[in-house]
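Listed here are the chains, written in short residue letters.
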Amino acid sequence: MTTVAPEGPDGADSPRVRQAERADLLEIHRIEQSAFPQPWPFSALESYLGEEGFLVAEADGPEDVPSVAGYVVADTVPNHGTPLGHIKDIAVRDEYRREGVASALLERALGVLAVTGAGSVKLEVRADNHGARRLYRQFGFEHRKTIPNYYSNGENALVMVRLL
Ligand SMILES: CC(C)(COP(=O)(O)OP(=O)(O)OC[C@H]1O[C@@H](n2cnc3c(N)ncnc32)[C@H](O)[C@@H]1OP(=O)(O)O)[C@@H](O)C(=O)NCCC(=O)NCCS
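Residues numbered from 1 in each chain as written. Predicted model: local features only at pLDDT ≥ 70, side-chain atom pairs only at ≥ 80, totals over all residues.

This part is about the overall build of the protein chain. Counting secondary structure elements, the protein chain contains 4 helices and 9 strands. In the protein chain, the succession of helices and strands from N to C terminus is β-β-β-α-α-β-β-β-α-β-α-β-β. Compactness check: the protein chain gives a C-alpha radius of gyration of 16 Å against a globular reference of 15 Å for 164 residues, within 12% of the reference. Dimensions of the protein chain, computed from the C-alpha atoms along their principal axes, are close to 45 × 35 × 30 Å. Counting the 164 residues in the protein chain, one finds 30% classified as buried. Restricting the contact set of the protein chain to residue pairs at least 6 apart, pairs at least 24 apart contribute 59%. (Helix = DSSP H or I, 4+ residues; strand = E, 2+ residues; numbered from the N terminus. Rg over C-alpha atoms; globule rule 2.2 N^0.38 Å. Buried ≥ 20, exposed ≤ 12 C-beta atoms within 10 Å, placed from the backbone. Contact = placed C-beta atoms within 7 Å.)

Set out below in structure tokens:
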């Protein structure tokens, strides 16, 4: 059986989250390819290595070998003098979904963004991605605007924003 690794020696009920490393990239890319109809290429993921907002959640695999359960890419963009946080990519491997992995990743990513001095955070989500929209609403994100034809298949994106 595979389990999401608990954080810390006290076994608190949340996965271990740490900065992504080069050795994680193949697994991250595999998750990306199975999670999205238009996945990021390997080189795009690679370009965020070393960024504090590129995080992975670890799971203990069949022989207790840690593997990547999910990841998030968050960074900031300049915005009239105050940086604006951006959750650019987040996905969790199928078998680890609904175990709080994305929540743990988002929590940490928001912490990283807060340290940069960002005043708010935005993200884009497909209108029909109801699971992700619910997750983001739980984190206080609100629908701010809709960008028509944002995705390459013509789908609209909802832009969701929250204060930090
Ligand atoms: C969206 C995604 C990242 C959520 O990851 P996750 O680890 O399963 O999320 P969590 O376990 O932290 O979920 C927290 C809460 O969000 C909501 N939620 C998450 N996924 C949901 C789903 N598929 N349906 C309904 N609600 C969902 C629930 O309220 C959930 O709490 P609950 O399980 O106690 O009901 C994951 O489903 C995924 O990788 N999807 C494919 C990639 C994707 O769509 N990424 C988002 C792009 S904008």
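And the narrative resumes.
It is worth spelling out the nonpolar core at this point. Counting residues in each nonpolar core, the largest one holds 39 residues, and the members touching the most others are Leu55, Tyr71, Val72, Val101, Leu105 and Ala109. Only helix H1 (25–35), strand E4 (54–60), strand E5 (66–77), strand E6 (84–92), helix H3 (101–115), strand E7 (120–126) and strand E9 (157–163) provide two or more residues apiece to this core. Among the elements that make up this core, the one with the highest residue count is H3 (9 residues). Apart from the residues within four sequence positions on either side, Leu55 is in contact with Val17, Arg18, Gln19, Ala20, Tyr71, Val72, Leu105, Arg108 and Ala109. (Core = buried A, V, L, I, M, F, W, Y, C linked by C-beta atoms within 7 Å.)

So, on to the pairing of E6. Where E5 and E6 come together, 8 bridges link them in antiparallel fashion. Note that in E6 the partner of Val73 across the bridge is Asp89. In sequence, E5 turns back onto E6 through a hairpin of 6 residues, with His80 there showing a positive phi of about 50°. Sheet topology note: the E6/E7 ladder contains 4 bridges and is parallel. Along E7, the bridge assignment pairs Gly85 with Val121. Tracing the backbone out of E6, into H3 and back to the parallel element E7 gives a crossover that is right-handed. (Pairing = 2+ DSSP bridges. Right-handed = clockwise from strand over helix to strand, strands pointing away.)

This next bit is on the site of the ligand. What surrounds the ligand is a group of 19 residues, the closest being Arg97, Ala102, Ser103, Gly131 and Leu135. Elements with a minimum of two residues in the shell around the ligand: E6, H3 and helix H4 (130–138). Here the shell around the ligand is built from residues that sort into 9 nonpolar, 6 polar and 4 charged. (Near = placed C-beta within 6 Å. Nonpolar A, V, L, I, M, F, W, Y, C, P; charged D, E, K, R; others polar.)

Among all positions of H1, only Ile28, Ile31 and Glu32 are buried. Within H1, the buried residues cover an arc of 100° as seen down the axis, which keeps them to one side. Turned more than 90 degrees away from the buried face of H1 sit Leu26 and Ser34, all of them exposed. Those residues of H1 that are buried lie in contact with helix H2 (42–46), E4, E5 and E6. (Arc of directions from axis to C-beta.)

Its location among the elements puts Pro15 in strand E3 (residues 12–19). Residue Pro15 is classed as buried on the basis of its C-beta count, with 26 C-beta atoms lying within 10 Å. Between the C-alpha atom of Pro15 and that of Ala118, which follows or precedes it by 103 residues, the distance is 25 Å.

All quantities given are derived from atomic positions and should not be read as evidence of function.
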